[in-house]
Amino acid sequence: MVTLSIRKKLLLSNVGMIILPVFFVFLLEIILGYLFFVVFKGNPQGSELKWFIGFRFIAIALILVITNGLLTYFVSKSIISPLKQLSMAAKKIGNGDLEYSIGYNKKDEIGELTNTFELMRIKLKDAKTAQQQYEQNRQELIASISHDLKTPLTSIKGYIKGIQDGVANTPEKLERYMNIIYKTTNDMDGLIDELFLYSRLDLQRIPFQFERVDLYAFLSDFVDELAFNLEKEQGTATLSANKADSYMVEADREKLKRVITNIVQNSMKYMDKNHKNIQVRLFSSANEVIVEIKDNGSGISKEDIPYIFESFYRTDTSRNSSTGGSGLGLSIVKGIIEKHGGTVWADSALGKGTSIYFKLKKVT
């Protein structure tokens, strides 16, 4: 079905207001003439002529009124009706009903306006959904942080009370109590530091000091340190790359180290094998450098993978410090990598492990 623009509708309506009356008047002349002077055998020179002229005048007036009225009605209806729908939709949306949709699918000017209005409605709905999700996330963050801070504080208070009550009545017990207090406060400090960093990233108030960084040399030092630490747990860490390739990027060393650390710490939380293994791989193309950090942990389900970089998301909903965490680690990774102009993604298989990738632009 051909859809006419409003301009064409008005133009055709004006043309019709001229052509249709002329056509019907011409047709009327023939019909009235035939009736008066052929069927009823009227005298063209007598009184029948006056009746003919009178009827013709009335008929012409009716034709003009009817044709112009109908054309005006249908054209105005095709314009006013969808405008009324738009007006109703505006009122509904103004009252907060973002589910109200206009079913106008014609490709005229009003159709374009309706499509624009519908796009605005969808964006408002998405914004409202995002706001609700943000508010829910904020509440979950407060609950999570409150829990994660209250638990170690309760533990610290318990050990301090034990020292005050003389439970730690030997130097060995006292030293053990103090070590536990120190470790717990250190964990709290890390949690607060993570929350502070996330907040500054979210508010875009964290400065970046970009410089040329050779990722191969940078990761070699990191993997060596990680391998040394994993040896204590009968684990291994390796770095593989084609040394003939260039891995030079522009990055903030401190922030990049935080990215690697967060990814590795997240991997270590879900290591369920006796032999822990972290593999770091470098891939170089003409314009990009890709880093893969692969573990042999429990893996992540396909349903969870799209969400692991979202703020506050936990594949393990437990609140214990070994697996729960704050849910901000990988979100911080994503924020930092995106500030570098790069992208981050994941690939995983349950029971086999997870690979976290990030990509940075290569510089010469």
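See the structure above.
Not measured: the values here are computed from a predicted model.

## Section: the overall build of the protein
Link 1 in the chain: Helices and strands together make up the secondary structure of the protein, namely seven helices and seven strands.
Link 2 in the chain: Each helix (α) and strand (β) of the protein, taken in turn from the N terminus, gives the series α-α-α-α-β-α-β-β-α-β-β-α-β-β.
Link 3 in the chain: Counting all 364 residues of the protein, 35% fall into the buried class.
Link 4 in the chain: For the protein, contacts bridging at least 24 residues in sequence account for 68% of all contacts bridging at least 6.
Link 5 in the chain: Split by element, the accessible area of the protein, about 22,800 Å² in all, is 59% carbon and sulfur.

## Some remarks on the sheet that holds strand 6 (residues 343–349)
Link 1 in the chain: Taken in spatial order, the five strands make up an open sheet running 2-4-5-7-6, and their pairing is mixed. With partners counted over all chains shown, the strands left at the sheet margins are strand 2 (236–240) and strand 6, one partner each. For this sheet, the mean angle separating the axes of adjacent strands, direction not counted, is 15°.
Link 2 in the chain: Where strand 4 (residues 277–284) and strand 5 (residues 288–295) come together, seven bridges link them in antiparallel fashion.

## Things to note about the packing of aromatic side chains
Link 1 in the chain: Under the criterion given, the structure shown has four aromatic pairs.
Link 2 in the chain: Geometrically, the ring pair formed by Y159 and Y177 is edge-to-face, given 4.9 Å between the ring centres and 80° between the ring planes. Of this pair, Y159 sits in helix 3 (residues 109–164) while Y177 sits in helix 4 (residues 171–202), and the two are 18 residues apart along the sequence.
Link 3 in the chain: Taking the relative accessible area as the measure of exposure, Y177 reaches 10% and is therefore buried.
Link 4 in the chain: K255 extends its terminal NZ or CZ atom over the ring of F208, reaching a point 5.3 Å from the ring centre.

## Here we look at the packing of helix 5 (residues 215–231) against helix 6 (residues 253–269)
Link 1 in the chain: Two elements in contact, helix 5 and helix 6, have axes separated by 12 Å at closest approach and are oriented at 35°. Regarding helix 5 and helix 6, the two cross each other, and that crossing is right-handed. Between helix 5, through L215, F218, L219, F222, L226 and L230, and helix 6, the contact on the second element is made entirely by R253, L256, K257, I260, T261, V264 and M268.
Link 2 in the chain: The residue inventory of the contact of helix 5 with helix 6, partitioned by class, reads ten nonpolar, one polar and two charged.

## Side note on the environment of V25
Link 1 in the chain: Note on placement: V25 falls in helix 1 (residues 6–39).
Link 2 in the chain: Looking at V25, the relative accessible area reads 18%, which means it is buried.
Link 3 in the chain: Residues V25 and I60, spaced 35 residues apart in sequence, show a C-alpha to C-alpha distance of 6.1 Å.
Link 4 in the chain: Among all residues touching V25, those that are not within four sequence positions of it are I60 and I63.

## Some words on helix 5
Link 1 in the chain: The terminal C-alpha atoms of helix 5 lie 24 Å apart, and with 17 residues this matches the ideal 24 Å at 1.5 Å per residue to within 8%.
Link 2 in the chain: If you check which residues of helix 5 are buried, you get L215, F218, L219, S220, F222, V223, L226, A227 and L230.
Link 3 in the chain: A side-chain oxygen of the first residue of helix 5 lies 3.1 Å from the backbone nitrogen of Y216; this N-cap is D214.

## Regarding the nonpolar core
Link 1 in the chain: By size, the foremost hydrophobic cluster in this structure holds 48 residues, and its most contacted members are L215, I260, I263, I278, V291, I293 and F358.
Link 2 in the chain: At eight residues, helix 5 tops the list of elements feeding residues into this core.
Link 3 in the chain: With residues near it in sequence (within four places) discarded, I293 still touches I260, I263, V264, I278, Q279, V280, T354, S355 and I356.
Link 4 in the chain: Counting residues in each nonpolar core, the second largest holds six residues, with L86, I93, I102 and F117 among its members.

## Considering the side chain of D295
Link 1 in the chain: Tracing the chain through its elements places D295 in strand 5.
Link 2 in the chain: Buried and unpaired, D295 has no salt bridge, with K294 as the nearest side chain of opposite charge at 6.8 Å.
Link 3 in the chain: Of note is the side chain of D295, whose polar atom sits 2.8 Å from the backbone nitrogen of G297.
Link 4 in the chain: Each residue touching D295, except ones within four places of it in the same chain, is listed here: S267, M271, N277, I278, K352, G353 and T354.

Definitions and limits used
Residues numbered from 1 in each chain as written. Predicted model: local features only at pLDDT ≥ 70, side-chain atom pairs only at ≥ 80, totals over all residues. Heavy atoms only, no water. Helix = DSSP H or I, 4+ residues; strand = E, 2+ residues; numbered from the N terminus. Buried < 20%, exposed > 50% of the residue type's maximum accessible area, 1.4 Å probe, protein only. Contact = heavy atoms within 4.5 Å. Areas by Shrake-Rupley, 256 points an atom, 1.4 Å probe, with all protein chains shown as cover. Pairing = 2+ DSSP bridges. Axes fitted to C-alpha atoms, helices over the stretch in contact; angles between N-to-C directions. Phe/Tyr/Trp six-rings, centres within 6.5 Å; stacked < 30°, edge-to-face > 60°. Lys NZ or Arg CZ within 6 Å of the ring centre and 35° of its normal. Left-handed = near helix turned anticlockwise from the far one by under 90°. Nonpolar A, V, L, I, M, F, W, Y, C, P; charged D, E, K, R; others polar. Expected span 1.5 Å × (residues − 1). Polar contact = N/O pair within 3.5 Å; in protein donor to acceptor, adjacent residues only side chain to side chain. Core = buried A, V, L, I, M, F, W, Y, C linked by side-chain atoms within 4.5 Å. Lys, Arg positive; Asp, Glu negative; His and termini not counted. Salt bridge = Lys/Arg side-chain N within 4 Å of Asp/Glu carboxyl O.

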